[in-house]
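Observations on the model geometry
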Amino acid sequence: MLTQLKAKSEGKLAKQICKVVLDHFEKQYSKELGDAWNTVREILTSPSCWQYAVLLNRFNYPFELEKDLHLKGYHTLFQGSLPNYPKSMKCYLSRTPGRIPSERHQIGNLKKYYLLNAASLLPVLALELRDGEKVLDLCAAPGGKSIALLQCACPGYLHCNEYDSLRLRWLRQTLESFIPQPLINVIKVSELDGRKMGDAQPEMFDKVLVDAPCSNDRSWLFSSDSQKASCRISQRRNLPLLQIELLRSAIKALRPGGILVYSTCTLSKAENQDVISEILNSHGNIMPMDVKGIARTCSHDFTFAPTGQECGLLVIPDKGKAWGPMYVAKLKKS
């Protein structure tokens, strides 16, 4: 199974870098990240360096694959390092680049594993989901974080929302591929504008995840249509406003005492720290939660850039740790 790794990663080399996007990122990120941008740029523009983590599905556990991963030198992520790490979540990664093949979607058969950027598990772990809690995944497609949440605990109710109808179909298929029927019954999937969720379901949830639409740095760099790329860049300045509106809606949907986690897959300060600063400055009932402990305990597997915030983490791609970009901020409603 794992012999296809090399062929898969070589196929990635055919991707063409979009110069329009790279030039734009160069101007911004060389200022924001300083010298670290040189390494980040090298990793982001070299798909042959990319790494893929393997999240095992506890609802159809792949014992044979797990043995195979051990033999190939994969190791488990997080285990033993995070105090509240859920024992039911198993994620494997290799120090070397490459990926195992994805499984095909088959109706009636649950997939055994999900391939993902390991940094995308950090927002899920920051949420610290417990059995029986009501949780909202506000911008849920393609569904990886919802799947990961269900590896951590069995919520009393999971609401997966996605406003984009094409991505919504992808989300439904992901859930169907990984989650058994009895659990599907505690999951609601909706197609609401996330900015309206707070008014529709005020103070309904114990935990809310806002994995916001953002400048997806990895995929934008390989935009095949330079005209579309230019359009994206010109519209990029509108994203922070959308992100702030989504967070305001999420705050309304959160019960007092509840936890909110915000995440993006961009390095952009305007979409990360600046968005969180605006929320903290404009909401007296929202408190920052210290996540520096995650950075300390996970530095073996991730490289973190300084954010200037106790409540915010920024994973940046590095050699041998090609995870991210991933920004994570944790807030509490009083």
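Predicted, not measured: the structure shown is a model, and the values here were computed from it. (Residues numbered from 1 in each chain as written. Predicted model: local features only at pLDDT ≥ 70, side-chain atom pairs only at ≥ 80, totals over all residues. Heavy atoms only, no water.)

A separate point is the pattern of salt bridges. The final tally for this structure, using the stated rule, is 21 salt bridges. With a closest N to O distance of 3.6 Å, Arg236 and Glu271 form a salt bridge. A residue pair is termed long-range when its members are at least 10 positions apart, and Arg236 in the loop between helix 11 (226–235) and helix 12 (239–253) and Glu271 in the loop between strand 9 (254–264) and helix 13 (273–282) qualify at 35 residues. Accessibility expressed as a relative area gives 1% for Glu271, which makes it buried. Residues joined by salt bridges that share partners form a network here, namely Glu128, Arg130 and Lys330. (Salt bridge = Lys/Arg side-chain N within 4 Å of Asp/Glu carboxyl O. Helix = DSSP H or I, 4+ residues; strand = E, 2+ residues; numbered from the N terminus. Buried < 20%, exposed > 50% of the residue type's maximum accessible area, 1.4 Å probe, protein only.)

If you trace the 4 strands from one edge of the open sheet to the other, you get 2-3-1-4, paired in antiparallel fashion. Two strands lie at the open edges of the sheet, namely strand 2 (75–76) and strand 4 (113–116), each paired on one side alone. Strands in contact with helix 4 (residues 63–71) are strand 1 (53–56), strand 3 (91–93) and strand 4; relative to strand 1, the strand with the most contacts, it is inclined by about 150°. (Pairing = 2+ DSSP bridges. Contact = heavy atoms within 4.5 Å. Axes fitted to C-alpha atoms, helices over the stretch in contact; angles between N-to-C directions.)

Volume-wise, the second largest pocket comes out at about 240 Å³. Considered class by class, the residues forming the lining of the second largest pocket number 7 nonpolar, 3 polar and 3 charged. (1 Å grid on protein atoms, 1.4 Å probe; cavity = no way out; pocket = protein on both sides within 12 Å on 5 of 7 lines; lining within 4 Å. Points joined across faces, edges and corners; volume = space filled by probe spheres on them. Nonpolar A, V, L, I, M, F, W, Y, C, P; charged D, E, K, R; others polar.)

Of note, the bond from Ala141 into Pro142 is cis; its omega dihedral lies within 30 degrees of zero at 5°. Looking at the secondary structure, you find Pro142 in the loop between strand 5 (134–137) and helix 6 (144–152). For the peptide bond that leads from Gly324 to Pro325, omega is 0°, which places it in the cis range. Structurally, Pro325 can be placed in the loop between strand 12 (312–315) and strand 13 (326–333). Look at Glu128: it is not a glycine, yet its phi comes out positive at around 50°.

What follows concerns helix 4. Among all positions in helix 4, only Leu65, Glu66 and Leu69 are buried. Burial along helix 4 is one-sided: seen end-on, the buried residues are contained in an arc of 105°. Helix 4 presents Phe63, Glu64, Lys67 and Leu71 as exposed residues on the side facing more than 90 degrees away from its buried surface. Of the surrounding secondary structure, the elements contacted by the buried residues of helix 4 are strand 1, strand 3 and strand 4. Positioned one or two residues after helix 4, Gly73 has a phi angle of 90°, which is positive. (Arc of directions from axis to C-beta.)

On to the UniProt feature "active site" (unreviewed entry) in the protein, then. Following the UniProt record, the feature "active site" (unreviewed entry) maps to Cys265 here. Relative to the assigned elements, Cys265 resides in the loop between strand 9 and helix 13. (UniProt positions renumbered as here; feature names shortened; annotations may be inferred.)

Let's shift gears to helix 2 (residues 19–33). Taking 1.5 Å as the rise per residue, helix 2 with 15 residues should run 21 Å; its terminal C-alpha atoms sit 20 Å apart, in good agreement. In the structure, helix 2 departs most strongly from a straight axis at Glu26, where the bend amounts to approximately 30°. After helix 2 finishes, the residue Gly34 shows a positive phi value of roughly 65°. (Expected span 1.5 Å × (residues − 1). Bend = angle between axes of the 7 residues up to and from the residue.)

Turning our eyes to something else, we now look at the confidence of the model for the protein. With 95% of its residues at a pLDDT of 70 or more, the protein shows a mean pLDDT of 93. Between residues 1–13, whose pLDDT stays under 50, and residues either more than four places distant or in other chains, the model counts 20 contacts. (pLDDT = per-residue confidence, 0-100.)

We now examine the nonpolar core. Most often, soluble globular proteins have nonpolar side chains that are buried together. Leu55, Phe78, Leu121 and Phe302 are the most contacted members of the largest nonpolar core, which has 52 residues in total. Of the residues forming this core, the biggest block, 6 residues, is contributed by helix 5 (residues 121–127). Dropping the residues within four chain positions of it, Phe302 is found in contact with Leu77, Phe78, Ala118, Ala119, Leu122, Val315, Lys321 and Trp323. (Core = buried A, V, L, I, M, F, W, Y, C linked by side-chain atoms within 4.5 Å.)

Both the distance between ring centres and the angle between the ring planes are used here to describe each pair of aromatic rings. Within the structure shown, the criterion is met by 8 aromatic pairs. A ring pair is formed by Tyr157 and Phe205, whose centres lie 6.1 Å apart and whose planes are at 10°; its orientation type is stacked. On the criterion of sequence distance, the pair formed by Tyr157 in strand 6 (residues 157–161) and Phe205 in strand 8 (residues 205–211) is long-range, its members being 48 residues apart. A relative accessible area of 0% means that Phe205 is categorised as buried. These aromatic residues form a ring-pair network of at least three members: Phe25, Tyr29 and Trp37. Above the plane of the ring of Tyr52 lies Arg99, whose end atom (NZ or CZ) is 4.7 Å from the centre. (Phe/Tyr/Trp six-rings, centres within 6.5 Å; stacked < 30°, edge-to-face > 60°. Lys NZ or Arg CZ within 6 Å of the ring centre and 35° of its normal.)

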